[in-house]
Protein chains: 2
Amino acid sequence: MIPAPFLLYLGHSSDFAGIKTSRGLAVFRPEDCVGEFRHDDCPLSVGLPRMTIAEGAAAGAKTLVLGIANSGGVMGADLVADATAALEAGMNVAAGLHQRLRDVPALKALAEAKGLQLFDVRDPPADLVVGTGYPRAGRRLLTVGTDCSVGKMYTTIALTRALQARGIPADFRATGQTGILIAGEGVPVDAVVADFISGAIEMLTPGRADRGWDVIEGQGSLFHPSFAGVSTGLLHGAQAEAIVMCHDPVRESMRGLPGRKLPGIVECLAANLQVARLTSAHVRAVGVCLNTSAMAKDAIAPLCEAIAAETGLPCVDPMTMSLDPILDMLDA
Amino acid sequence: MIPAPFLLYLGHSSDFAGIKTSRGLAVFRPEDCVGEFRHDDCPLSVGLPRMTIAEGAAAGAKTLVLGIANSGGVMGADLVADATAALEAGMNVAAGLHQRLRDVPALKALAEAKGLQLFDVRDPPADLVVGTGYPRAGRRLLTVGTDCSVGKMYTTIALTRALQARGIPADFRATGQTGILIAGEGVPVDAVVADFISGAIEMLTPGRADRGWDVIEGQGSLFHPSFAGVSTGLLHGAQAEAIVMCHDPVRESMRGLPGRKLPGIVECLAANLQVARLTSAHVRAVGVCLNTSAMAKDAIAPLCEAIAAETGLPCVDPMTMSLDPILDMLDA
């Protein structure tokens, strides 16, 4: 487990999407975040007090979280310098970048010298095995999406907390770097070797007998030509009895692929159910979750009603509306 | 490129499926294979003269190919000892095991000392990028299957050679270790990181303008819960205008999953075409290829006719029957 509390790193980022890991921690684990560190050229904030490295250490931060996605995932000199300063100040350092912290010799040596830890949350487990699809006990819900970055992680955590609020045992099962930092554990499924995608999810969500739920964070989309293999393996490994479709109503084209249209929600639901049935014959869809943060307030309710009518499923924004209609559907 | 000719290693193998890489080389590159090396407890043969390491070297073998799949992919002491003997005799060593030759310190040191090479064909390229699905020039055919190990590689090579025999430019694009050893190049798609499956296939088969074909070796099956993610990414990366379905009529359950039935050919074709359409809107199926090697001779023709009637596609065994009906369909 990565020692909390955290100082959240924004660095020089000027791209809202680029600080999503820091923002996710600020949203879902505010009690574990003492502040944010950003350089003067960073126009963004996650709403926490701005602190220098020294101020963060003095405020009790045990780990600097490099919660940013920089171009290509490679650490620049500025990032290494800031991580070095954190280690010098007595903090551990965590990151989910493609390039590993431990592969930077200066950071590795300094961490060892100071008795501190470097956490590379994108490391897949070493002991993965291939999936089998054999039936296992337990109740599992998987979030799926029309595209990448449409709110699957937010939806998954919100559903987990809503189940817990009803007194139902539920665990958030993280599959991406931000989710893993929030949960404190998980499997970075996009980083496992291709043969082990479904096996990694079977390992993440072993059978359970407490009538509780594993609520599994989906990745990618069956309709995203870059990542559909990951989404397919996730569906097969999850062996979910229920799926929830996530969608961003203002997205104009598939993420990273200008000109490629998003699939329709009905078409996307049907394709996900068809793939899921290979390992979960009775899987059903129980809801649609929208990210309405960029929508005009008075347009939200009519859109939710239209999608509910089109799909026959409850449709809500999980961050601003009650998830009760979806939980009721799950219970039905 | 791995220097030929080869000495093919069978070692202590007693499992027919376990020597498929050595057998594939013996079948498709017989002119490059001087002999086979096997211990006294190995009851198998690929039909080549049996040779000791020294005899293989004297016969001109430049590379010992460890063409076996051992349990777990880890090299035992016997395998390391035999590879050491080959290096001592002046041969390079090639393998497609999960454990890399270069990760065995004694082999690495000896190869360096002797100026010889170790080839780990399961290494994915280092410079992979994510796929885009954007249209590219060229004609591509992908083999798909009802299961793993149903003859996709044999079919792919046979189709390539049949096209070439008609004077049509065609290249076999290998995606597995045996295919890569036969082709001398390729991408081990099951070993790439999950995010890069389709991107690896786009890299393997860049656009071409000579009206020739890339004939791409498929992997796994959309209906295999362990590996369907790989098959999905392959379909999206291939952007194939044609697919050929491969099937083993005597297979009783999905490979490695006793009790799980194979899908029907018609259902499997429909699912593959549906997934393929995401990046190749006009993809079509042009044939079914069977591995009839375990069938009674008089049962083969009736089965091919029945499958042809059921699917509306030509159905042949690519190793014993003419591929003309499939090439004609491709041309139509």
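For every chain, the first residue of the written sequence is number 1, and numbering continues from 1 along that sequence. Starting at A for chains and at 1 for ligands, labels are handed out in the order in which the entities are written. Totals for whole chains, interfaces and linings use all residues, but because this is a predicted model, local features are given only for residues with pLDDT of at least 70 and pairs of side-chain atoms are given and counted only at 80 or more. Computation of side-chain values: all heavy atoms of the structure, hydrogens and water removed.

1. Details of the overall build of chain A
Note the threshold: Secondary structure elements are defined from DSSP: runs of H or I of at least 4 residues count as helices, runs of E of at least 2 residues count as strands, and each element is numbered from the N terminus. Atoms counted for the radius of gyration: C-alpha only. Globule rule: 2.2 Å times the number of residues to the power 0.38. With a 1.4 Å probe rolled over the protein chains alone, any residue whose accessible area is under 20% of its type maximum counts as buried; one over 50% counts as exposed, and the rest are partly exposed. Note on contacts: a residue pair is in contact if any heavy atoms of the two residues lie within 4.5 Å. The sign given to each residue is positive for Lys and Arg and negative for Asp and Glu; His and the chain ends receive no count. Charge placement uses NZ in Lys and CZ in Arg. For Asp and Glu, CG and CD serve respectively.
Secondary structure summary: chain A contains 11 helices and 11 strands in total. In terms of overall size, chain A behaves like a compact globule, its C-alpha atoms giving a radius of gyration of 20 Å where 332 residues would be expected to give roughly 20 Å. Expressed as lengths along the three principal axes of its C-alpha atoms, the size of chain A is roughly 55 × 50 × 45 Å. Across the 332 residues of chain A, 58% fall into the buried class. Put simply, 74% of the contacts in chain A that link residues at least 6 apart link residues at least 24 apart. The averaged location of the 35 negative side-chain charges in chain A is 3 Å from the averaged location of its 27 positive side-chain charges.

2. Considerations on the domain arrangement of chain A
All names here are of chain A. Basically, it comes down to this: What fixes the domain bounds is an automatic or database domain assignment. Take the accessible area each of two parts loses on contact, using a 1.4 Å probe, and add the two losses: that sum is the buried area. We define a salt bridge as a contact between a side-chain nitrogen of Lys or Arg and a carboxyl oxygen of Asp or Glu at a distance within 4 Å. In protein, a polar contact means a hydrogen-donor-capable atom and an acceptor-capable atom, both N or O and within 3.5 Å, with residues adjacent in sequence counting only if both atoms are side-chain atoms; elsewhere, any N or O pair within 3.5 Å suffices. All residues other than Ala, Val, Leu, Ile, Met, Phe, Trp, Tyr, Cys, Pro, Asp, Glu, Lys and Arg, Gly among them, are scored as polar; the first ten of these are nonpolar and the last four charged.
Structurally, chain A comprises domain 1 (6-120) and domain 2 (139-331). Centre-to-centre, using C-alpha coordinates, domain 1 lies 28 Å away from domain 2. Counting residues at the interface gives 12 residues for domain 1 and 12 residues for domain 2. Summed over both partners, the interface of domain 1 with domain 2 comes to about 1,100 Å²; 61% of that surface belongs to carbon and sulfur atoms. If you look at where domain 1 meets domain 2, you find zero salt bridges. At the surface where domain 1 touches domain 2, the tally comes to five residue pairs in polar contact (both at pLDDT 80 or more). The biggest single contributor to the side of domain 1 that touches domain 2 is helix α1 (residues 20-28), with seven residues. In the side of domain 1 that touches domain 2, the residues fall into six nonpolar, three polar and three charged.

3. As for the nonpolar core
For clarity, the threshold we go by: We call a set of buried Ala, Val, Leu, Ile, Met, Phe, Trp, Tyr and Cys residues a nonpolar core when their side-chain atoms join them within 4.5 Å.
Leu142, Ile243 and Val288 of chain A together with Leu142, Ile243 and Val288 of chain B are the most contacted members of the largest nonpolar core, which has 86 residues in total. Aside from chain neighbours lying at most four places away, what touches Ile243 of chain B is Leu142, Val144, Leu269, Asn272, Leu273, Val283, Arg284, Ala285, Val286 and Gly287 of chain B.

4. Observations regarding the relation of the copies chain A and chain B
Test applied: A least-squares fit on C-alpha atoms brings the copies together, and the residues used are those whose pLDDT is at least 70 in both copies.
Between chain A and chain B, which share one sequence, the superposing operator has a rotation angle of 180° and an axial displacement of 0.0 Å; the RMSD is 0.0 Å. The superposition operator between the copies reduces to a two-fold rotation axis. Here 97% of the interface residues in chain A have copies in chain B that are interface residues too; the copies meet face to matching face.

5. Looking at helix α10 (residues 297-311) of chain B
Residues and elements named next belong to chain B. What counts is decided by this rule: Under the convention used throughout, the expected extent of a helix is 1.5 Å for every residue step, that is, one less than its residue count. Here, the arc refers to the directions that run from the helix axis to the C-beta atoms.
End to end, α10 covers 22 Å across 15 residues, agreeing with the expected 21 Å (1.5 Å per residue, within 8%). The complete set of buried residues in α10 reads Ile300, Cys304, Ile307 and Thr311. Looking straight down α10, one finds that the buried residues subtend no more than 70° of arc, so they occupy a single side. Turned more than 90 degrees away from the buried face of α10, the exposed residues are Asp298, Glu305, Ala309 and Glu310. Where α10 is buried, its residues touch α9 (265-276), β10 (284-290) and β11 (315-316).

6. Some words on the pairing of strand β8 (residues 213-216) of chain B
Residues and elements named next belong to chain B. Rule in force here: Between any two strands, at least two bridges found by DSSP are needed for them to pair.
A two-sided burial pattern is seen for β8, the buried positions comprising Trp213 and Val215 on one face and Asp214 and Ile216 on the other. Of the strand pairs in this sheet, strand β6 (residues 139-145) and β8 are connected by four bridges, and their pairing is parallel. Its bridge partner lying in β8, Arg140 is registered against Asp214. Inspection of the sheet shows strand β7 (residues 170-173) paired to β8 by four bridges, in the parallel sense. The partner of Ala170 across the bridge, within β8, is Trp213.

7. Here's the deal with the UniProt feature "domain: D-glutamate N-acetyltransferase-like C-terminal" (unreviewed entry) in chain A
Threshold: UniProt positions are given in the numbering used here, feature names are shortened, and annotations may be inferred rather than shown by experiment.
Under the present numbering, the feature "domain: D-glutamate N-acetyltransferase-like C-terminal" (unreviewed entry) in UniProt falls on residues 132-327 of chain A. Secondary structure content for residues 132-327 of chain A is 36% helix and 15% strand, and the end C-alpha separation is 29 Å.

8. Focus on the interface of chain A and chain B
Counting residues at the interface gives 35 residues for chain A and 35 residues for chain B. Buried area between chain A and chain B, summed over both chains or domains, comes out near 2,600 Å², and the portion from carbon and sulfur atoms is 53%. Counting every contact that joins chain A to chain B gives zero salt bridges. Linking chain A with chain B are 15 residue pairs in polar contact (both at pLDDT 80 or more).

9. A closer look at the state of the cysteines
The condition that has to hold: Only a pair of cysteine sulfur atoms within 2.5 Å counts as a disulfide in this structure description.
For the coordinates displayed, the defined rule picks out zero disulfides over all chains. For Cys268 of chain A, which is in no disulfide, the shortest distance to another cysteine sulfur is to Cys246 of chain A and amounts to 10 Å. Left unpaired, Cys289 of chain B is separated from the closest cysteine sulfur, that of Cys246 of chain B, by 5.5 Å.

10. Digging into the sheet that holds strand β4 (residues 92-95) of chain B
All names here are of chain B. Worth spelling out the cut-off: Here the axes come from fitting lines to C-alpha atoms, over the contacting stretch only for helices, and the angles between their N-to-C directions go from 0 to 180 degrees.
Read across the sheet, five strands follow the order β2-β1-β3-β4-β5 without closing on themselves; strand pairing throughout is parallel. Edge positions in the sheet fall to β2 (33-38) and β5 (118-120), since each of these pairs with one other strand and no more. Looking at each pair of strands side by side, their axes are set apart by 20° on average, direction ignored. In this structure, β4 lies alongside β5, joined through three bridges in parallel fashion. Looking at the pairing, Val93 lines up with Leu118 of β5. The sheet strands contacting helix α1 (residues 20-28) are β1 (6-11), β2 and β3 (63-66), and the helix crosses β1 at an angle near 145°.

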